[in-house]
Structure formats: C-alpha cells, structure tokens
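Here are the chains, one letter per residue:
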Amino acid sequence: MFTPVTGRAVLVTGGTKGIGKAIAQVFASAGARLAVVGRDPESGAAAVAELGARGGEAAFIQADISVAADTERMVAEAVDRFGGLDVLCANAGIFPDVRLEAMSEQDIDEIFATNVKGTMLSVKAAMPALARSGRGRVIVTSSITGPITGYPGWSHYGATKAAQLGFIRTAAIELAASGITINAVLPGNIETEGLAELGPEYRRKMEESIPQRRLGTGADIGYAALFFATDEAGYITGQTIVIDGGQVLPESLMALEAQ
Ligand code: NAP
C-alpha cells in the first residue's frame, strides 16, 4: 500500500492542457494541492475550474518557463500559496513539426528554449523549496520520440526530449544530497486536443501501430507520475519509464501482423 499524497503541494508546468492537465487531475484526485502553469490565462482558468470540480484545491500561475525570472516567480507563488512545494512535474513542452531541410535557426532555438532550457530552469528554481520538503520529487515529461524512436519532422523535438534525459542523470546525482528524486515519464501517442486535430486517419494508423491497439490517455501518464511522487518510490532516481501500450516493441510491421 502506498502512503497517500494527500495535502502535498504539486506544481505542474503545462498543467493547463493535455497531458499536464491529466497529470494534475490524477494528483488532485489523490488529494494533492495543485498549481498549474501555462502562458494562456484562459486555458489556465478553465483547467482550475475542472480541477475544482473534482473537489481539489487548485490555482493557475501564469509563466513562460523559457524565462528564468518567470520560473522563479512561479515557484515563489506556489510556495506562498501552499507554504512549500513537494512535487514538480516539469511537463510543459512544444512540438512544432518541420523537416530538417526547412528548419531555421529560430525553429531550433524556440524548441530548445522551452523543452530543454525551460525544464532545467523549472527544476533549478524549485530546488530550494523541494529540499525544504524533505521528500522532494521531480517528474519530467520526456517522450519516446528522441530517446527511443524517430519521426520525420521532429528531429529537433526528438533532440530536446533526449536532452531532458541527459539532464536528469546528472541532476539526480546533485539533487540526491537534498533528498530530491528526479525521474522521467516517456509517453507514446497520447489522446490530447492537439492529437485530435491531426484527424481520424492519423489516429487509425497510430492505433494500428500499437500492440494494445489504442492511444494512451493522459491519466496513463498521470498514474506513472504519481507513482514516482510516492514515498515508496523514494529510492528511484535518474530513471525513465515508457508508457506507450507497447508501441516501441515491434521490430517490424510483420511483428504486428503476426500478433
Ligand atoms: P499540449 O496539449 O500542447 O499542452 C502543452 C502545455 O504546455 C500547455 O499547458 C501549454 O500552455 C504549456 N506550455 C507550452 N509552452 C510553455 C512555456 N514556454 N511556458 C509555460 N507553459 C508552456 O501538449 P501535450 O501533448 O499535453 O504535451 C505535454 C508534454 O508531453 C510535452 O512535454 C510533450 O513533449 C510531451 N509528450 C506529448 C505526447 C503526446 O502524444 N501528446 C507524447 C510524448 C510526449 P500555454 O500554451 O498556455 O503556455
């Protein structure tokens, strides 16, 4: 049996939409207090209303994680509100697609600014508060794309998601001295508003390529994040977990057809 996370203060970057919102909902359902971070206040207000409807205490903090001062302020606001911080879910990320031959310097700078620099700045800003918690936890949302797989149009994205894993391995050593663990979740294809926009044909083909024949849900990711946040996972750090319905396993199309 896991020790409940009731009352723990949890900050989820990118918690206003998609996977981050689902992670926040899982933590809220487990009784945690939530601060969700994003740039757009409208989706922030909507996410807080949804979290409140589940009976959880939730607040929106407007911040751009690619800006150091914003990450410091977002942590300060969460600490002011909750009296401390126990868990950081460094989840915010962007995934514009562009093939390498058409990729501009700005395309590369923008995606690294949010996905890599933003993740690192968020963790750096949260470190003192997480250390004070005594059981601080960081859960980074990476991806199968980059660390394990590739997809045309997302070479820069894959590079950022692999970079996040390089980051956590050294951060885990540095953070261990403060009793903080840092681990990463690697989602496969997850049902989000963004994915719905890619249309039914994309969805059907993706489902066909997954041994479990379904896309993942945000909650599938949220429960893995919740596990890393428990007291019982306190000896796990610098590690990754793939949550993809078996998507990375088939070595060829024939392996799926032979199922
Ligand atoms: P999403 O629905 O587009 O949500 C992204 C969230 O991040 C939003 O809340 C967005 O809010 C926030 N955000 C983006 N840039 C930000 C910035 N600079 N500062 C602060 N907040 C920012 O995306 P998602 O599909 O849930 O993806 C979330 C994470 O999961 C990403 O790291 C992504 O790489 C990873 N992932 C997703 C999938 C998938 O299938 N969806 C698969 C593997 C990994 P604002 O726009 O208001 O700022």
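Residues numbered from 1 in each chain as written. Predicted model: local features only at pLDDT ≥ 70, side-chain atom pairs only at ≥ 80, totals over all residues. Heavy atoms only, no water.

Novice: How would you summarise the overall build of the protein if you had to cite specific residues and measurements?
Specialist: Assigned secondary structure in the protein consists of nine helices and seven strands. Relative to the 2.2 N^0.38 estimate, which gives 18 Å for 259 residues, the radius of gyration of the protein is 18 Å and therefore close to what a compact globule would have. Along the longest, intermediate and shortest principal axes, the C-alpha atoms of the protein span 55 × 45 × 40 Å. When the 259 residues of the protein are sorted by exposure, 49% land in the buried category. The long-range share in the protein, meaning contacts at least 24 apart out of those at least 6 apart in sequence, stands at 73%. Accessible area for the protein stands at about 12200 Å²; split by element, carbon and sulfur atoms hold 56% of it. If you average the places of the 21 positive and of the 29 negative side-chain charges in the protein, the two averages end up 5 Å apart. (Helix = DSSP H or I, 4+ residues; strand = E, 2+ residues; numbered from the N terminus. Rg over C-alpha atoms; globule rule 2.2 N^0.38 Å. Buried < 20%, exposed > 50% of the residue type's maximum accessible area, 1.4 Å probe, protein only. Contact = heavy atoms within 4.5 Å. Areas by Shrake-Rupley, 256 points an atom, 1.4 Å probe, with all protein chains shown as cover. Lys, Arg positive; Asp, Glu negative; His and termini not counted. Charge placed at Lys NZ, Arg CZ, Asp CG, Glu CD.)

Novice: Give me the nonpolar core: which residues, what numbers.
Specialist: Counting 34 residues, the largest nonpolar core has L11, M74, V75, L85, L88, V138 and I182 as the members making the most contacts within it. Contributing elements (two or more residues each) for this core: strand 1 (9-13), strand 2 (33-38), helix 3 (68-82), strand 4 (87-90), helix 4 (105-133), strand 5 (137-141), helix 5 (155-176) and strand 6 (181-187). Ranked by residues supplied to this core, first place goes to helix 5 with six residues. Leaving out residues up to four positions away in the same chain, V138 has contacts with L88, V123, L130, I180, T181, I182 and N183. Counting residues in hydrophobic clusters, the runner-up holds 27 residues, among them I19, A32, L51 and V87. (Core = buried A, V, L, I, M, F, W, Y, C linked by side-chain atoms within 4.5 Å.)

Novice: Can you explain the pattern of salt bridges? Please cite residues and give values.
Specialist: Once their charged atoms are close, side chains differing in charge can pair, the charge on each being opposite to the other. The final tally for this structure, using the stated rule, is 10 salt bridges. When the shortest N-O distance is used, the salt bridge between R203 and E207 registers 3.0 Å. In this pair, R203 and E207 both sit in helix 7 (residues 200-208), four residues apart, roughly one turn of the helix. Of the charged contacts in the structure, one is a salt bridge between E208 and R204, with a shortest N-O distance of 2.6 Å. (Salt bridge = Lys/Arg side-chain N within 4 Å of Asp/Glu carboxyl O.)

Novice: Quick rundown of the packing of helix 1 (residues 18-29) against helix 2 (residues 41-53)? Include the residues and the values.
Specialist: Helix 2 packs onto helix 1 with a crossing angle of 25° between their chain directions and a minimal axis gap of 10 Å. Classified by the angle between their axes, helix 1 and helix 2 sit roughly parallel to one another. Seen along the crossing, helix 1 lies across helix 2 with a hand that is right-handed. In contact with K21, A24, Q25 and A28 of helix 1, helix 2 contributes A47, E50 and L51. A class-by-class count of the residues in the contact of helix 1 with helix 2 yields four nonpolar, one polar and two charged. (Axes fitted to C-alpha atoms, helices over the stretch in contact; angles between N-to-C directions. Parallel < 35°, antiparallel > 145°, perpendicular 65-115°, else oblique. Left-handed = near helix turned anticlockwise from the far one by under 90°. Nonpolar A, V, L, I, M, F, W, Y, C, P; charged D, E, K, R; others polar.)

Novice: Please set out the site of the ligand residue by residue, giving values where relevant.
Specialist: Lining the immediate environment of the ligand, one finds 27 residues, of which T16, I19, R39, N91 and Y157 sit closest. Measuring from an oxygen atom of the ligand, one finds a backbone N or O atom of N91 at 2.8 Å. Protein chains bury 91% of the 880 Å² of accessible surface belonging to the ligand in isolation. When contributions to the shell around the ligand are tallied by element, the ones reaching two or more residues are helix 1 and helix 5. Class assignment of the residues belonging to the shell around the ligand gives a composition of nine nonpolar, 13 polar and five charged. (Near = heavy atom within 4 Å. Polar contact = N/O pair within 3.5 Å; in protein donor to acceptor, adjacent residues only side chain to side chain.)

Novice: Give a detailed account of the side chain of S142, specifying residues and quantitative values.
Specialist: Residue placement: S142 occurs in the loop between strand 5 and helix 5. Beyond its immediate sequence surroundings of up to four residues, S142 is in contact with P147, K161, Q164, L165, A184, V185, L186 and P187.

Interpretation note: all reported values are geometric properties and have no functional meaning in isolation.
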